[in-house]
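# Working through the structure, step by step
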Amino acid sequence: MSARFTGGCQCGAVRFACESLGRASLCHCRMCQKAFGSYFAPLATAQGLTWTRGAPKHFQSSSVVRRGFCGECGTPLTYEHAHGVELALGAFDDPAALPPVIQMGLEARMPFFADLAGLPTRTPAEAEKVAGFYASVVSRQHPDHDTAAWPPQDRSIP
C-alpha cells in the first residue's frame, strides 16, 4: 500500500501512514488542552491507519476516549473513540498541507486566542542577536519523512 499521509513522533520511535483523512479540526476543550499541553488540539480522522514503526502507548482520558502518545518522547499522537482514530495534525510530515476547517469545544477556547495573530514578532535586529544561537542548535528530532532505521548510531551531544 502506498500511503498518502505519513508522520510520527518527535523521536522517531513511532511512525504511521494512512490512506486518507477526514476534516481537519481544532478542538479547544479543556481535555484536549491538557492532553496536548497547548491551547487546542489539531486533529483529523484517519482512514486506513497503519503503524509503520512502533506503536503508541495509551491513556484512558475519559470513559469514552483514550489518547495515544509516544512512550519514548511523549509526543501526543491519537484521540481514539468508538467512531475512529484521530491523528494529531502536528505529527504529520507535512502539517501545512492539512489546514483546519472547523473548530470545536469553543466553551473552553482561550479568551485571547483571536488576538494571537496580532502579537508583535522579533525585529530584524533582535533576530540577528539570537541568530548564532539558532545556528548552533543540533536537532535530535526525527526528520519529516520515513527512514529505514532510527535512531542514528551517534546521538551524542557535541
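To start, this report covers the structure provided alongside it.

Cut-off values and rules
- Here the residue numbers are simple positions, counted from 1 along each chain's written sequence.
- Reporting of local features is limited, given that this is a predicted model, to residues whose pLDDT is at least 70; pairs of side-chain atoms are given and counted only at 80 or more, and all residues count toward the totals for whole chains, interfaces and linings.
- The side-chain figures draw on all heavy atoms in the structure; neither hydrogens nor water molecules are used.
- By definition, any uninterrupted DSSP run of H or I lasting at least four residues is a helix, any uninterrupted run of E lasting at least two residues is a strand, and each is numbered from the N terminus.
- Type-normalised accessible area, obtained with a 1.4 Å probe on protein chains alone, sets the label of each residue: buried when under 20%, exposed when over 50%, and partly exposed for intermediate values.
- N or O atoms closer than or at 3.5 Å make up a polar contact, with two conditions inside protein: a donor-capable atom paired with an acceptor-capable one, and, for residues adjacent in sequence, both atoms drawn from side chains.
- We call two residues contacting when some pair of their heavy atoms lies within 4.5 Å.
- The criterion for an aromatic pair is that two Phe, Tyr or Trp rings (for Trp, the six-membered ring) have centres within 6.5 Å, with stacked assigned to planes under 30 degrees apart, edge-to-face to planes over 60 apart and tilted to the rest.

### Re the side chain of Asp 93
Looking at the element boundaries, Asp 93 is found in the loop between β10 (84-88) and β11 (102-104). On the accessibility criterion, Asp 93 (13% relative accessible area) is buried. Reaching out from Asp 93, the side chain makes a polar contact with the side chain of Thr 6 at a distance of 2.5 Å. Within polar-contact distance, the side chain of Asp 93 engages the side chain of Arg 15 at 2.8 Å. When neighbours within four sequence positions are excluded, Asp 93 is seen to be in contact with Thr 6, Gly 7, Gly 8, Arg 15, Pro 143, Asp 144, His 145 and Asp 146.

### Considerations on the environment of Arg 109
Relative to the elements of secondary structure, Arg 109 occurs in the loop between β11 and α2 (124-136). Spatially, the C-alpha atom of Arg 109 lies 8.5 Å from that of Cys 27, the residues being 82 residues apart in sequence. If we ignore the near neighbours within four places in the chain, the residues touching Arg 109 are His 28 and Gln 103.

### Considering the environment of Arg 30
One can find Arg 30 in helix α1 (residues 30-36). Residues Arg 30 and Ala 88, spaced 58 residues apart in sequence, show a C-alpha to C-alpha distance of 16 Å.

### So, the packing of aromatic side chains
The full count for this structure, using the stated rule, is six aromatic pairs. For the pair Phe 5 and Phe 92, a centre-to-centre distance of 6.3 Å together with 85 degrees between the ring planes defines the contact as edge-to-face. Linking Phe 5 in strand β1 (residues 5-8) with Phe 92 in the loop between β10 and β11, this pair joins segments that are 87 residues apart in sequence. Classification of Phe 5 as buried rests on a relative accessible area of 17%. Since its relative accessible area comes to 2%, Phe 92 is described here as buried. Taken together, a centroid distance of 5.0 Å and an interplanar angle of 80 degrees make the contact between Phe 16 and Phe 92 edge-to-face. In this pair, Phe 16 is assigned in strand β2 (residues 15-18) and Phe 92 in the loop between β10 and β11, connecting sequence segments 76 residues apart. Using a relative accessible area of 1% as the deciding quantity, one classes Phe 16 as buried.

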